[in-house]
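Architecture and fold: a report
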Amino acid sequence: MPKYIFVTGGVISGIGKGVIAGSIGKILQSSGIKVSLMKMDPYLNVDAGTMNPLVHGEVFVCDDGAETDMDIGTYERFLDMNLSRANNITTGQVYLNVLQREREGKYLGKCVQIIPHITDEIKSLIRYAARKDSAEVMIVESGGTVGDIEALPFLEALRQMRFEEGKDNTLFVHVTLAPIIEEVGELKTKPTQHSVQELRRIGIQPDIIIVRSKKRLTEANREKISLFTNVPKENVLSSPDLKSPYLVPQVLEEQGVSKIIFEQLKMPVKNVDLTEWNNIVRDIVESKEEVHIAMVGKYAELADSYVSVNHALYHAGGSLKCKVKIFWIESEELEKGSEKLSELEKFDGVIVPGGFGSRGVEGKILAANYARIKGLPYLGLCFGLQLAIVSFARYVLGYEGAHSTEIDPNTPYPVIDLLPEQKNVDKLGGTMRLGGHNIILKEGTLAYKLYGRNVIRERHRHRYEVNPRYWAELQAAGMVFSGFSEDMKRVEIIELPDHPFYMASQFHPEFVSRPGKPDPIFKGFIEASMMRRRRSIEVSSRA
Ligand code: GLN
């Protein structure tokens, strides 16, 4: 029988509940317990695939093709495990299931209601995921903030689960924020008190409170929170701002979180060993050598849109004992003239990450071309591959107006075009080419050298691809196709041999990168960027 840890959030959203859930998972996993995690999102989208990454953050893709909330990526990175569709449920999905069943007549004669039908469906999805993952402990994060109307059915389902599974098998962790009033420097606990009151009003008494704040809670802060919330002082834990989210497990464990969990869940107390994890994290956070990477995109305002790319860069850097600093370049700026474009040269490498739509696209094409002619390490991810092909067609083959038909349906040179099976797709939810697919690497290429094997598996999320009509011309002009889909019908990796590092993938290697296990493409890119930086430091020290 699995045990459950429920993670709720108070005060405001976006305080890193996912990281706390992932960290608790890591701690339990490090003691040898089989853990899994899931997230419940209170929006009506059936999955995250149809949401705007600018507002909601990155869409994370699982191996099974699920388009999920970015917290699923956090869990996979912390736990080094593959999650799936079952690990991210939304209000939309819950209602869809219940309403489909209603139409099938499964509830004939009954009045279908939020309680019990919606809450029953939520509970059954939670129990299903725990069973599927054979979890000894299932950590369930409830998205949104306590007090939101839309999160109520989820919280009600959790309240019922505590009643049904018993206190020995369920534990509530409530994550809040303690703001600091700058002028006085005082940490305020009132929002935490209120959010716990709100939780108790709907019948949930938290067992552990974890307070996010700029600095650590004082003893007095903890006493006060304890007094107002019925949570013992030793169960009021502090999660101060840190250099990296990967440091959170250590900080929580230092405060005894595993002991509290083992005691309440009546589990034998086990030794938690975070040494290996902390060593990996140390290299990510503390390495002396540095590289500066330019990330060119239109979501540049919001780091959350590319959170997995950022992490993949940190993982690659860590494994090479190098700190990666990421600089956001708004692609539209690059369209303003060659002076702007040449600012790219001060970086050690350039990334054009995944994307959709036409705004800023010309800037990305220019960046891909600039990196090519200047010998600047270039990494293209999905859209970044497609636009590298467009720039190559325009500036090497001289195909004026070459484009992707996603952006210019009437281009004279449609070098990037819809995947054949996408031509008749008219419903846009969950219908891209998604998830893990095997890829065959061509021997003798850089990609083959980086991966060190023939067959790899990477995750996808796209509708367009390199148009087979142009393969011969592109290859004749020097573009190397180093990876193909298993049926050899689509290009998966491109590279330029006479360049320090020019590589792009149709897949998203960022989704499989983990601390201590970087994706080889990212590692190759960072290695090349380090080399460039070392060389330029050498040159400037000689001058
Ligand atoms: N818009 C492009 C496509 O659909 C690229 C998608 C992406 O970068 N994820 O193929």
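Structural notes, computed from the coordinates. Since the structure is predicted, the reported quantities are computational estimates derived from the model, not experimental observations.

**Observations regarding the packing of aromatic side chains**
Tallying each qualifying case throughout the model produces 15 aromatic pairs. Look at Phe78 and Tyr246: their rings are 5.5 Å apart centre to centre, the planes differ by 65°, and that puts the pair in the edge-to-face class. Taken together, the positions of Phe78 in helix 3 (residues 70-79) and Tyr246 in the loop between strand 11 (236-240) and helix 9 (248-254) put the pair 168 residues apart, joining distant regions of the chain. The exposure class assigned to Tyr246 is buried, which follows from its relative accessible area of 2%. Between Trp471 and Phe481, the aromatic rings sit 5.8 Å apart at their centres with planes inclined by 70°, giving edge-to-face as the arrangement. Of this pair, Trp471 sits in helix 18 (residues 471-476) while Phe481 is found in strand 21 (residues 480-485), placing the two residues ten residues apart along the sequence. Chaining the aromatic ring pairs together yields one cluster made of Tyr4, Phe6 and Phe172.

**Concerning the site of the ligand**
Neighbouring residues of the ligand: Gly354, Gly355, Phe356, Cys382, Phe383, Gln386, Glu406, Arg461, His462, Arg463, Tyr464 and His508. Residue Glu406 places a side-chain N or O atom 2.7 Å away from a nitrogen atom belonging to the ligand. Within the contact set of the ligand, a nitrogen atom lies 2.9 Å away from a backbone nitrogen or oxygen of Arg461. A total of 300 Å² of accessible area belongs to the ligand in isolation, and the protein chains cover 98% of it. At a threshold of 2 Å from the grid points, most atoms of the ligand map onto the second largest pocket. The set of elements that each furnish at least two residues to the shell around the ligand consists of helix 16 (383-395) and strand 19 (455-462). Here the residues of the shell around the ligand are counted per class, giving four nonpolar, five polar and three charged.

**Re the state of the cysteines**
Summed over all chains, the structure comprises zero disulfides. Here Cys382 stays unpaired: no disulfide links it, and the sulfur of Cys62, its closest cysteine neighbor, is 16 Å away.

**As for helix 3**
A large share of helix 3 lies buried, amounting to ten of its ten residues. Its side-chain oxygen 2.8 Å from the backbone nitrogen of Asp71, Asp69 forms the N-cap of helix 3. At the C-terminal side of helix 3, Asp80 shows a positive phi close to 50°.

**Quick look at the side chain of Glu141**
Here Glu141 is to be found in strand 6 (residues 137-142). Here Glu141 is buried and forms no salt bridge, its nearest opposite-charge partner Lys39 lying at an N-O distance of 4.1 Å. Polar contacts involving the side chain of Glu141 include one to the main-chain amide nitrogen of Gly18, which spans 3.5 Å. Look past the residues within four positions of Glu141 in its chain and what remains in contact with it is Val7, Lys17, Gly18, Ala21, Met38, Lys39, Met40, Asp71 and Tyr75.

**What about the pairing of strand 6?**
For a regular strand, the rule is simple: side chains alternate between the two faces of the sheet. Summarising burial for strand 6: six of the six residues are buried, a large majority. In strand 6, alternate side chains face the same way, and those of Val137, Ile139 and Glu141 on one face and Met138, Val140 and Ser142 on the other are all buried. Relative to strand 6, strand 1 (residues 3-9) runs parallel, the two being bridged by five bridges. For Lys3, the partnering residue across the bridge sits in strand 6 and is Val137.

Rules of the game
- Residues numbered from 1 in each chain as written.
- Predicted model: local features only at pLDDT ≥ 70, side-chain atom pairs only at ≥ 80, totals over all residues.
- Heavy atoms only, no water.
- Phe/Tyr/Trp six-rings, centres within 6.5 Å; stacked < 30°, edge-to-face > 60°.
- Helix = DSSP H or I, 4+ residues; strand = E, 2+ residues; numbered from the N terminus.
- Buried < 20%, exposed > 50% of the residue type's maximum accessible area, 1.4 Å probe, protein only.
- Near = heavy atom within 4 Å.
- Polar contact = N/O pair within 3.5 Å; in protein donor to acceptor, adjacent residues only side chain to side chain.
- Areas by Shrake-Rupley, 256 points an atom, 1.4 Å probe, with all protein chains shown as cover.
- 1 Å grid on protein atoms, 1.4 Å probe; cavity = no way out; pocket = protein on both sides within 12 Å on 5 of 7 lines; lining within 4 Å.
- Sits in = over half its atoms within 2 Å of the grid points.
- Nonpolar A, V, L, I, M, F, W, Y, C, P; charged D, E, K, R; others polar.
- Disulfide = S-S within 2.5 Å.
- Lys, Arg positive; Asp, Glu negative; His and termini not counted.
- Salt bridge = Lys/Arg side-chain N within 4 Å of Asp/Glu carboxyl O.
- Contact = heavy atoms within 4.5 Å.
- Pairing = 2+ DSSP bridges.

All quantities given are derived from atomic positions and should not be read as evidence of function.
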